Amino acid sequence: VPETKEFLSEVFISSFEKRKSQRQEVSALPLYPSEEVLWDMNLVPEVNYHGDEVLALPKLNLQFLTIYDYLLRNFNLFRLESTYEIR
(Lines give C-alpha, C1' and ligand atoms only; values in the text may rest on other atoms or scores of the structure.)
Protein backbone atom coordinates (compact mmCIF):
# COMPACT_ATOMS: atom_id res chain seq x y z
CA VAL A 1 0.00 0.00 0.00
CA PRO A 2 1.67 3.19 -1.08
CA GLU A 3 1.51 5.87 1.58
CA THR A 4 0.51 9.23 0.27
CA LYS A 5 1.86 12.48 1.57
CA GLU A 6 -1.58 13.37 2.92
CA PHE A 7 -1.85 10.09 4.84
CA LEU A 8 1.62 10.41 6.33
CA SER A 9 1.02 13.99 7.41
CA GLU A 10 -2.27 12.95 9.06
CA VAL A 11 -0.51 10.18 10.98
CA PHE A 12 2.24 12.55 12.04
CA ILE A 13 -0.21 15.24 13.19
CA SER A 14 -2.45 12.80 15.07
CA SER A 15 0.49 11.34 16.95
CA PHE A 16 1.63 14.77 18.20
CA GLU A 17 -1.66 16.57 18.74
CA LYS A 18 -2.64 17.47 22.27
CA ARG A 19 -5.43 15.28 23.55
CA LYS A 20 -7.91 16.02 26.31
CA SER A 21 -6.98 14.38 29.53
CA GLN A 22 -9.29 11.74 30.91
CA ARG A 23 -9.81 13.94 33.96
CA GLN A 24 -11.15 16.77 31.78
CA GLU A 25 -13.47 14.39 29.94
CA VAL A 26 -14.88 13.03 33.20
CA SER A 27 -15.32 16.55 34.56
CA ALA A 28 -17.38 17.42 31.50
CA LEU A 29 -19.78 14.53 32.08
CA PRO A 30 -23.04 15.29 33.88
CA LEU A 31 -23.51 13.72 37.29
CA TYR A 32 -26.92 12.35 36.41
CA PRO A 33 -27.82 10.63 33.14
CA SER A 34 -29.18 12.31 30.06
CA GLU A 35 -32.39 11.20 28.36
CA GLU A 36 -30.36 9.31 25.75
CA VAL A 37 -28.64 7.26 28.44
CA LEU A 38 -31.88 6.73 30.35
CA TRP A 39 -33.55 4.86 27.51
CA ASP A 40 -30.53 2.96 26.23
CA MET A 41 -31.38 -0.67 27.06
CA ASN A 42 -27.79 -1.75 26.42
CA LEU A 43 -26.45 0.26 29.37
CA VAL A 44 -29.06 -0.47 32.01
CA PRO A 45 -31.47 -3.42 32.03
CA GLU A 46 -35.21 -3.06 31.69
CA VAL A 47 -37.47 -2.12 34.57
CA ASN A 48 -38.36 -5.75 35.30
CA TYR A 49 -34.79 -6.63 36.30
CA HIS A 50 -34.94 -8.68 39.50
CA GLY A 51 -31.27 -9.09 40.29
CA ASP A 52 -31.15 -12.73 39.20
CA GLU A 53 -28.17 -12.12 36.93
CA VAL A 54 -24.95 -10.27 37.47
CA LEU A 55 -24.60 -7.02 35.56
CA ALA A 56 -21.34 -6.69 33.70
CA LEU A 57 -19.04 -3.76 34.30
CA PRO A 58 -16.31 -2.66 31.94
CA LYS A 59 -13.29 -4.87 32.44
CA LEU A 60 -10.21 -3.54 34.12
CA ASN A 61 -7.13 -3.76 32.00
CA LEU A 62 -4.18 -5.83 33.12
CA GLN A 63 -2.72 -3.01 35.11
CA PHE A 64 -2.64 -1.93 38.71
CA LEU A 65 -5.68 -0.16 40.05
CA THR A 66 -4.72 3.37 41.06
CA ILE A 67 -6.83 5.65 43.21
CA TYR A 68 -7.90 7.48 40.06
CA ASP A 69 -9.03 4.20 38.46
CA TYR A 70 -10.96 3.39 41.61
CA LEU A 71 -12.70 6.78 41.64
CA LEU A 72 -13.51 6.60 37.93
CA ARG A 73 -15.02 3.14 38.37
CA ASN A 74 -17.13 4.35 41.30
CA PHE A 75 -18.27 7.36 39.28
CA ASN A 76 -19.40 5.09 36.45
CA LEU A 77 -21.19 2.84 38.93
CA PHE A 78 -22.96 5.84 40.47
CA ARG A 79 -24.13 7.00 37.05
CA LEU A 80 -25.45 3.53 36.16
CA GLU A 81 -27.21 3.14 39.50
CA SER A 82 -28.81 6.56 39.26
CA THR A 83 -29.95 5.75 35.72
CA TYR A 84 -31.61 2.59 36.96
CA GLU A 85 -33.27 4.36 39.90
CA ILE A 86 -34.55 7.23 37.75
CA ARG A 87 -35.95 4.89 35.14
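Structure's up top.
Residues numbered from 1 in each chain as written. Predicted model: local features only at pLDDT ≥ 70, side-chain atom pairs only at ≥ 80, totals over all residues. Heavy atoms only, no water.

Assigned secondary structure in the protein chain consists of four helices and zero strands. Sequence-ordered secondary structure for the protein chain, helices as α and strands as β, is α-α-α-α. Taking all 87 residues of the protein chain together, the buried fraction comes to 11%. Counted over contacts in the protein chain with a minimum sequence separation of 6, partners at least 24 positions apart contribute 82%. (Helix = DSSP H or I, 4+ residues; strand = E, 2+ residues; numbered from the N terminus. Buried < 20%, exposed > 50% of the residue type's maximum accessible area, 1.4 Å probe, protein only. Contact = heavy atoms within 4.5 Å.)

A word on the side chain of Ser82. Tracing the chain through its elements places Ser82 in helix 4 (residues 67-86). Look at Ser82 and you get buried, because its relative accessible area is 9%.

This brings us to helix 1 (residues 5-16). For helix 1, with twelve residues, the first-to-last C-alpha span of 17 Å sits near the 16 Å given by 1.5 Å per residue. For helix 1, a buried count of zero out of twelve residues is recorded, marking the element as mostly open to its surroundings. (Expected span 1.5 Å × (residues − 1).)

We now examine the side chain of Thr83. Mapping Thr83 onto the fold places it in helix 4. Excluding residues within four positions of it along the chain, Thr83 makes contact with Pro33, Val37, Leu38 and Val44.

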